[in-house]
Amino acid sequence: MSRTSRGAVRSRSFLPALLLIALSLPATFVAPTPFTATPLRAQQVDAPSDSVKPPIIVDDYGPWKRITSVALSPDGDWMSYILTPLEGDDSLYVKELDGQGSYVVGRGAAPAFSPDSRWVAYLVMPPEREGNGEHRRPNGPPQMGRGRPARAGGTLVLRNLATGDSIAFADVASLSFPANTHVLLVRKRGPGRDAGYDGADLVVYDLATGTSLNLGNVSEYAVNKPGTQLAYLVDAKDDAGNGAYLLGLASRRITPLATEVGTYARLTWNEDGTALAFLAGTAPEGKEHRQNVLVVIPDASRPTRLERLDPSTVKGFPDGFVLSELGTVSWSKDSKRVFLGIKEQADKREKLEGRANVDVWHWKDVEPQSVQMARANRERDHTWNSVVNVGRHLSFVRLADSTLESVSQSGTSRWGIGEDPTPYQYQVQWGFTKADYYRVDLDDGGRELMAKDVGRQMGSSPDGAWWLYLRDQKVIARNLASGKEVDLTASSGVDFVNRQDDHPYELPIYGVAGWSKDGSSVVLYDRYDVWQVPLDGSKAANLTAGVGGRDSIQFRVVKLEGPRSFRGFRGFGFRREPEEIDLSKPLLLSAYGEWTKKSGYWQVTKGGEPKPLIWLDKAVGRPIKADSAQRIAFTEQTFVEFPDYWVSDARFDHPRKVTDANPQQADFAWSPGRVLNDYVDKRGNHLQATLGLPAGYQKGKRYPMLVYFYEKMSQNHHMYMGPTYDDRPHMATYASNGYLVLNPDIVYTIGRPGSSALDDITAAVQKVIDLGYADPKHIGLQGHSWGGYQSSYVVTQTNMFAAVVTGAPPTDLPSFYNSTYGRTGTIQQGITEVGQVRMGTTPFDSLGVYIDQSPVFNAQKITTPFLILQGTADNAVDWHQGLEYYAMARRLGKHVIFLSYPAQPHHLSSKEDRIDFQIRMMEFFNHYLKGTPAAKWMVDGVPFLDKDYADPRALEDGTMWGHKPEKKGRTGRSGPRTRPAGR
């Protein structure tokens, strides 16, 4: 069967982790209905017959797995991946794709293939009880940062893929196969920073001979690009033997580079692997920072010829500053410059004894104290961008200072791009920062103002000749050498601005794909198509021949060669290197059908029309390519189909599925799939909603329905939403339990976030009712964070819903406006005015609008029972927002329950609390939407002194939620719904 006819839809995973609010026109209030739950017809709530599979509940979630750490061997013959279950240890799989070879490793982590594809290495981590649970993140693999060994060391296994033979290394923190070498580098677990030094043993294992060389107390190491030399730094106890060294990987000869007393840091090769740089120094008595020198080895073939830059003797180095190891050290791509950071030296300070503990919030503070607290460590480590030019002699140039906060190199040119946000630092912003931009000469530090009041800049060309920015909704290209500017929007006649973005800020463009290899043009996106736009102002070419706009397919350029590299240094952060695109060769394009939800990959040659390679009614994931073979791995997923991996050639021909992560899904009742519904809201917006059908769906029969939303969600039509422990409803679980599950799109009118949500949610629900799917008396609504605000507002405006659950909701917009976002310390004014809340004004200019759109001030109109969830340590929406809503509704006699989880953040982090909420939320919806007995906590509450003894599963009728009473004549279960281990 042709791959272009199999059917699928592309999903862009978009369940934003938090953020906040919504908008529209006021809705007509509907008369209230009583709080009594109306049972569904008997045949809809009866237990299934023996032949019907049971629905899934929270007790069944444990075996559900994710696939992580996917990699292909360079020759494409082997694949590695890790299955991470919700309960239990990870399992590493190493599978031969065209043969029978396979290895399964319990608690396996950090797999890597050798460059010649003959070997695989991985760590076997100790059980959590031995490692105190420190070897795994809550949702990911072990942390193996260089120089920061994991606290619990693992056992490294090196396995020959042809013979199966293996050897092991104990107590290992990290491993790597450097490119172009025949060695495995094994870094042992070190003593940790509390010991006062960072060194640990580094084993250099020769794969060809099976011999090892142990290097002691290594703190940093790096192999050059040709794979001929290993540079490393030693950091030992009491500085014994500290220094920089070079190991010839063929000769095993060690050459000391620098061994003076001090601490060495920031070792870095240039891009070609022919030159080396690092810092070395000590902190003077009574001073806070090291007095470092920069050591440069311009020619690694002559490693003993060193050049040093000593700040005490360098012309132009600012008094009272040091070269700081807190900033990164990096080479320019052409190896003519070394970028680094400088920092003010400071005396060591002692805290005042017996002082008051007070934070002084002053009106002149550029950043409020809350932001200063959140950024304290970053500010403590802040350095100023500088550059050392490498020529006959090393010369120093300071680039950034208090008047120009950061400077980044423009491509490979002599120019830097300087950014000064200080003129706009008191403005309310969200999503971007306005700044004045300068051209900075990296040779002497000279500055020239290029553009003022720029909110959107898109970087520079790979050769550094051009810089892009947005001015008056037009894309401007500026030639850095001449200062000439070209209006690319005018010359192309194309609108590159994203008009679908409904925020009240300066709208962004759709994006920059890259720059032509010859440097003559930039490749830009409009809503659907890809454009080559010449930088000389001549006519633009539509590289996708208008097919995107014609068929509403969004095309974007994809490169299979691997992830983009990052360059940069602390002070301005890491920026993506601009992409070069060879337009003489066929381009690979990702494709997404905006209205069909189909997705896949197409190919186009300049001058022709794009043609599909794979185009499915599924969500097709981004492919991973083998380094030296035409083989790729990619995922396919739908609402029903887990995103397992498929492999094929690089043209997606002859694909076959190679993983099966969750076979246990077949044991449960499951949704047959989703359907798309088009609808039009009262404001005339054409939108879509994705409707998941319940297990055992029968056409023409009406079902209870749960609505979950955020902003636009129809792009997730083909997203697999399997069980997991969190604080939102799982669409697959509710569908398994007989619910329709609806995810509608929402668009916003500035200043009317709640009304907008009301308009679109009710329009989508009414469409599903009109189509005969949903029982109009048994519809529930749930939203969290930004969705929590909207669900909290909607429940005040309509009785369309029989029950509403709202999580972490902003409910009082005037008070929310001046609260803080806990994680960053920022005051919520930006997100409220121009960000996600989209009010477009301030409460002192439009207090009436703020009150009108606040759930708290509309609470008197609530007619629906509702449930509020929030953690007391919410780091995004202050807990008092939930409390305020509960208190107001309680005062008005509304049926409201507030589930407050002590010490929990914006999204519950405790597994036990997540499970508790999953149970309570389903009990709440089951009672009001299915007519099941109410839980005792819903009827009577839970006194504080009883909370440690009250079972959330206890129902009002004396039974327990999740128990299946045994019935005569059937093989029903009795007791809790638990599954055998391993299922």
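Treat the numbers as computed from the prediction; the structure is a model and nothing was measured.

Asker: Help me understand the sheet that holds strand E48 (residues 674-680) in this model?
Answerer: One key point about sheets: their strands pair by backbone hydrogen bonds, in either a parallel or an antiparallel sense. Across the sheet, eight strands lie side by side as E48-E49-E51-E50-E52-E53-E54-E55; this open sheet has mixed pairing. Both outer strands of the open sheet, E48 and strand E55 (896-901), are each paired with one neighbouring strand and no more. Across this sheet, the average inter-strand angle for adjacent strands is 20°, counted without regard to direction. Across the sheet, helix H8 (residues 753-770) lies against E48, strand E49 (686-692), strand E50 (703-708), strand E51 (740-744) and strand E52 (774-784), angled at about 120° from E48, the strand it touches most. Each of E52 and strand E53 (803-807) is contacted by helix H9 (residues 786-794), which is oriented at about 140° to E52, the strand it contacts most.

Asker: How do you make sense of unusual backbone geometry when you look at a structure like this?
Answerer: With the exception of glycine, most residues fall at negative phi, and the peptide bonds are largely trans. With a phi close to 65°, Asn180 is a non-glycine residue in the positive phi region. Take Asn180: it is sitting in the loop between strand E8 (166-176) and strand E9 (183-188).

Asker: For this particular structure, what's the right way to read the side chain of Gln637?
Answerer: Within the secondary structure, Gln637 sits in strand E45 (residues 631-637). Of note is the side chain of Gln637, whose polar atom sits 2.8 Å from the backbone nitrogen of Tyr720.

Asker: It is not clear to me how the packing of aromatic side chains should be interpreted in this structure. Could you clarify?
Answerer: Aromatic ring pairs are described here by two measures, namely the spacing of the ring centres and the angle between the planes. Scanning all chains against the criterion turns up 30 aromatic pairs. Note on Tyr748 and Trp786: the rings are 5.4 Å apart at their centroids and 45° apart in plane angle, and the pair reads as tilted. One end of the pair, Tyr748, is in the loop between E51 and H8; the other, Trp786, is in helix H9, with 38 residues separating them in the sequence. Take Trp786: its relative accessible area is 0%, and that puts it in the buried class. Between Arg556 and the ring centre of Tyr525, over which it is positioned, the NZ or CZ distance is 4.2 Å.

Asker: Please clarify how the nonpolar core should be interpreted in this entry.
Answerer: Generally speaking, a soluble globular protein has its nonpolar side chains buried in company with each other. If you look at the biggest cluster of nonpolar residues, it comprises 109 residues, and the most contacted ones within it are Met705, Ile761, Val765 and Phe801. Excluding residues that lie within four positions of it along the chain, Met705 makes contacts with Leu691, Tyr739, Leu740, Leu742, Val765, Val768, Ala774, His778, Ile779, Gly780 and Leu929. Ala275, Val296, Phe321 and Val388 belong to the second-largest nonpolar core, a separate cluster that totals 28 residues.

Asker: Got a minute to help me understand the sheet that holds strand E36 (residues 553-558) in this structure?
Answerer: Reading across from one edge, E36-E40-E41-E42 is the order of the four strands in this open sheet, with antiparallel pairing throughout. For this open sheet the edge positions go to E36 and strand E42 (611-616), each flanked by a neighbour on one side alone. Strand-to-strand twist of the sheet, defined as the mean angle between neighbouring strand axes without regard to direction, takes the value 25°. By the bridge criterion, six bridges tie strand E40 (residues 587-593) to strand E41 (residues 599-604) in an arrangement that is antiparallel. Note on E41: the bridge partner recorded for Leu587 is Val604.

Asker: Looking at this model, I keep getting lost on the side chain of Asn737. Mind explaining?
Answerer: With respect to the element layout, Asn737 can be found in the loop between helix H7 (731-736) and E51. With relative accessibility at 12%, the residue Asn737 sits in the buried group. Polar side-chain contacts of Asn737 include one of 2.7 Å to the backbone oxygen of Ile56. There is a polar contact of 2.8 Å between the side chain of Asn737 and the backbone oxygen of Thr733. Those residues in contact with Asn737 that sit more than four places away from it in its chain are Pro55, Ile56, Ile57, Met922 and Lys930.

Asker: Please explain the pairing of strand E29 (residues 466-471) as it appears in this structure.
Answerer: Look at any regular strand and the pattern is simple: side chains alternate between the two faces of the sheet. Within E29, five of the six residues are buried, which leaves it mostly tucked inside the rest of the structure. As paired strands, strand E28 (residues 457-460) and E29 are joined by three bridges and run antiparallel to one another. Residue pairing across strands places Gly459 opposite Leu468, the latter belonging to E29. The antiparallel hairpin formed by E28 and E29 contains five residues in its connecting segment, where Gly464 sits at a positive phi of about 75°. Relative to strand E30 (residues 474-479), E29 runs antiparallel, the two sharing six bridges. The residue of E30 that forms the bridge with Arg471 is Lys474. Taken together, E29 and the strand that follows it, E30, pair antiparallel across an intervening segment of two residues, in which Asp472 is found at a positive phi of about 55°.

Asker: Would you mind showing me how to read the pattern of salt bridges here?
Answerer: Note on pairing: side chains with opposite charge can pair once their charged atoms come close. The full count for this structure, using the stated rule, is 38 salt bridges. Its salt-bridge partner being Asp443, residue Arg337 comes within 2.9 Å of it at the nearest N-O pair. Of the two residues, Arg337 is situated in strand E21 (residues 337-344) and Asp443 in the loop between strand E26 (435-441) and strand E27 (447-454); the sequence distance between them amounts to 106 residues. Two residues, Glu636 and Lys618, come together in a salt bridge whose shortest N-O distance is 3.0 Å. Within this pair, whereas Glu636 is found in strand E45, its partner Lys618 is found in the loop between E42 and strand E43 (619-620), the two being separated by 18 residues in sequence. Neither Glu636 nor Lys618 differs from the other in exposure class; each is buried. Salt bridges sharing partners connect three or more residues here, namely Arg439, Glu448, Arg471, Arg478 and Glu485.

Asker: Just to check I follow, could you spell out a nonpolar patch on the surface for this structure?
Answerer: A surface patch of nonpolar side chains, about 230 Å² in accessible area, is lined by Leu847, Ile851 and Phe857. The residue Phe857 is located in the loop between helix H12 (847-852) and strand E54 (866-871) in this model. Exposure remark for Phe857: the relative accessible area of 35% places this residue in the partly exposed category.

Asker: Honestly, the confidence of the model for the protein in this entry has me stumped. Any pointers?
Answerer: One rule of thumb: low pLDDT means the predicted coordinates there are not for detailed reading. When pLDDT is averaged across the protein, the result is 88; 89% of the residues are at 70 or more. Scored below 50 in pLDDT, residues 130-151 makes 43 contacts in the model with residues more than four places away or belonging to other chains. A low-confidence stretch, residues 562-575 stays under pLDDT 50, and its non-local contacts, those more than four residues away or across chains, total 45 contacts.

Asker: Mind showing me how you'd approach the pairing of E26 here?
Answerer: Burial of E26 is extensive: six of the seven residues sit out of reach of the surface. Sheet topology places strand E25 (residues 415-420) next to E26; six bridges connect them, and they run antiparallel. Bridging from a neighbouring strand, Ile417 pairs with Arg439 of E26. Here E26 pairs with E27 via five bridges, running antiparallel. Residue pairing across strands places Tyr437 opposite Ala451, the latter belonging to E27. In sequence, E26 turns back onto E27 through a hairpin of five residues, with Gly445 there showing a positive phi of about 85°.

Calculation criteria
Residues numbered from 1 in each chain as written. Predicted model: local features only at pLDDT ≥ 70, side-chain atom pairs only at ≥ 80, totals over all residues. Heavy atoms only, no water. Pairing = 2+ DSSP bridges. Helix = DSSP H or I, 4+ residues; strand = E, 2+ residues; numbered from the N terminus. Axes fitted to C-alpha atoms, helices over the stretch in contact; angles between N-to-C directions. Contact = heavy atoms within 4.5 Å. Polar contact = N/O pair within 3.5 Å; in protein donor to acceptor, adjacent residues only side chain to side chain. Phe/Tyr/Trp six-rings, centres within 6.5 Å; stacked < 30°, edge-to-face > 60°. Buried < 20%, exposed > 50% of the residue type's maximum accessible area, 1.4 Å probe, protein only. Lys NZ or Arg CZ within 6 Å of the ring centre and 35° of its normal. Core = buried A, V, L, I, M, F, W, Y, C linked by side-chain atoms within 4.5 Å. Salt bridge = Lys/Arg side-chain N within 4 Å of Asp/Glu carboxyl O. Patch = residues over 30% accessible without salt bridge, like charges linked within 9 Å, V, L, I, M, F, W, Y side chains within 5 Å. Areas by Shrake-Rupley, 256 points an atom, 1.4 Å probe, with all protein chains shown as cover. pLDDT = per-residue confidence, 0-100.

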